[in-house]
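Inside the fold
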Amino acid sequence: MGAASGRAALVRRGLLLNYLTIGYNAVEAVVSLAAGLAAGSIALVGFGIDSVIEVTAAGAAQWRLRADAHAMRRARAERLTQRVVGASFLALAVWVAYEAAEALWRREAPERSALGLAVLALSVVVMPLLARAKRRVAGALASGALAAEATQTALCAYLSAIALAGVGLNALFGWWWADPVAALAMTPIIAKEGVEGVRGRVSCGECGCD
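Presented here is a report on the structure given in the accompanying data block. Bear in mind that the values here come from a model prediction, so they are computed numbers and not experimental data.

What the chain contains, in helices and strands, is six helices and zero strands. Along the chain, from the amino end to the carboxyl end, the secondary structure elements read α-α-α-α-α-α. Residue burial in the chain is summarised as follows: out of 210 residues, 48% are buried. Residue pairs in contact within the chain that sit at least 24 positions apart in sequence constitute 80% of those at least 6 positions apart. A total accessible area of about 9,700 Å² is found for the chain, and carbon and sulfur atoms account for 68% of it.

This next bit is on the pattern of salt bridges. Two side chains with opposite charge may pair up if their charged atoms get near one another. A full pass over the atoms with the stated rule returns three salt bridges. Of the charged contacts, one joins K134 and E149 as a salt bridge, the two residues approaching to 2.9 Å between their closest N and O atoms. Here E149 lies in helix α5 (residues 144-173) and K134 lies in helix α4 (residues 114-141), a separation of 15 residues in the sequence. Accessibility classification places K134 together with E149 in one group, the buried group. E196 is the partner of K192 in a salt bridge, and the nearest nitrogen-oxygen pair spans 3.0 Å. Placement of the pair is K192 and E196 together in helix α6 (residues 178-199), with a separation of four residues, close to one helical turn.

Here α4 contains 28 residues, and its C-alpha end-to-end distance of 41 Å stays within 8% of the 40 Å for a straight helix at 1.5 Å per residue. The complete set of buried residues in α4 reads G116, V119, L120, S123, M127, L130, A131, A133, K134, V137, A138 and L141. A positive backbone phi angle near 55 degrees is found at A142, which sits one or two residues after α4.

So, on to the packing of aromatic side chains. If you walk through the whole model with that rule in mind, you get two aromatic pairs. On the basis of an interplanar angle of 15 degrees and a centroid distance of 5.5 Å, the ring pair of W175 and W177 is categorised as stacked. Residue W175 is classed as partly exposed on the basis of its relative accessible area, which comes to 36%. Taken together, F173, W175 and W177 form an aromatic cluster joined through their ring pairs.

What follows is about the nonpolar core. Counting 40 residues, the largest nonpolar core has L120 and I190 as its most contacted members. Secondary structure elements with two or more residues in this core: α1 (2-39), α2 (42-66), α3 (71-106), α4, α5 and α6. Looking at which element gives the most residues to this core, the answer is α2, with nine residues. With residues up to four places along the chain from it excluded, the contact list for L120 reads L44, F47, S160, A163, L164 and V167.

Turning to α2, a few remarks are in order. Helix length check: α2, at 25 residues, gives a terminal C-alpha distance of 36 Å against a target of 36 Å (1.5 Å per residue), a fit within 8%. A large share of α2 lies buried, amounting to 18 of its 25 residues.

Glancing now at a nonpolar patch on the surface. On the surface, L172, F173, W175, W177 and V181 cluster together to form a nonpolar patch covering roughly 530 Å² of accessible area. Structurally, the position occupied by W177 is in the loop between α5 and α6. Classification of W177 by relative accessible area gives partly exposed; the value is 38%.

Moving on to the packing of α2 against α6. Relative to each other, α2 and α6 sit at 35 degrees, their axes nearing to 7 Å. Where α2 abuts α6, its residues I42, A43 and L44 lie against D179, A183 and M186.

So, on to the environment of A147. The residue A147 is located in helix α5 in this model. Given a relative accessible area of 0%, A147 falls into the buried group. In sequence terms A147 and V137 are ten residues apart; their C-alpha atoms lie 8.5 Å from each other.

Position of R64 among the secondary structure elements: in helix α2. Between the C-alpha atom of R64 and that of T81, which follows or precedes it by 17 residues, the distance is 7.1 Å.

Reading the values: the criteria
Residue positions are given per chain, counting from 1 as you read along its sequence in written order. With the structure being a predicted model, the display of local features is reserved for residues of pLDDT at least 70 and the display and counting of side-chain atom pairs for 80 or more, all residues being used for whole-chain, interface and lining totals. Calculation of side-chain values draws on the structure's entire complement of heavy atoms; hydrogens and water are dropped beforehand. A run of H or I in DSSP counts as a helix once it spans at least four residues, and a run of E counts as a strand once it spans at least two, with each numbered from the N terminus. Working definition: with a 1.4 Å probe on protein chains only, accessible area under 20% of the residue-type maximum means buried, over 50% means exposed, and in between means partly exposed. Residue contacts are defined here by distance: any two heavy atoms, one from each residue, within 4.5 Å place the two residues in contact. Computed with the Shrake-Rupley method and a 1.4 Å probe, the accessible areas treat only the protein chains shown as cover for residues. Salt bridge, as used here, is a side-chain nitrogen of Lys or Arg placed within 4 Å of a carboxyl oxygen of Asp or Glu. Each residue after the first adds 1.5 Å to the expected span of a helix. Any two rings among Phe, Tyr and Trp, with Trp reduced to its six-membered ring, count as a pair given centres within 6.5 Å; such a pair is stacked if its planes are under 30 degrees apart, edge-to-face if over 60, and tilted if neither. What we call a nonpolar core is a set of buried Ala, Val, Leu, Ile, Met, Phe, Trp, Tyr and Cys residues that are connected through their side-chain atoms within 4.5 Å. Any residue with relative accessible area above 30% and no salt bridge may belong to a patch, with like charges joined within 9 Å and the nonpolar Val, Leu, Ile, Met, Phe, Trp and Tyr side chains within 5 Å. Axis lines are fitted to C-alpha atoms, over the contacting stretch for helices. Their N-to-C directions set the angle, which ranges from 0 to 180 degrees.

Rendered as structure tokens:
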């Protein structure tokens, strides 16, 4: 009874963390996309789309958590959650790579975006905290799918730092190429996570759960 109640408490904690992730990423997506489209920043738009995908990933994790009480449903949710998230990230990698390469070819300079810089800087702080808390829940539940979703939350922090560097260099020094180069730097990171998710190779141990 104690083990069951302890697991249920972990599930509730996981659900709460995912609600926080969904809420924050929804705001992050709207602000990043609006600022990115206004400034013509591929890095910001790509980060905004990444936020939409993170909302999808968190939603899939919610489904996984709600299936935790039933062993068969839990196993099915594990597989599908990883694959849905992986496929979404592969699509994002293709889009970001294409748009960034085209911007470099055309030498398109984005406008400066103070709002974009602010949301990226905030994400560098917020997302690692959420990722760490979710990794602990994933480790306690021995869930590879939840571990994968926690890794993608951490990935959001890495992407925000990369995008912040590109957008910041353009704003400070007028280095127009820094924005699409930063976007291209995101691509292999996103693609790697996507491939691992589609293949179902992300395990709790691989993401460093403790």
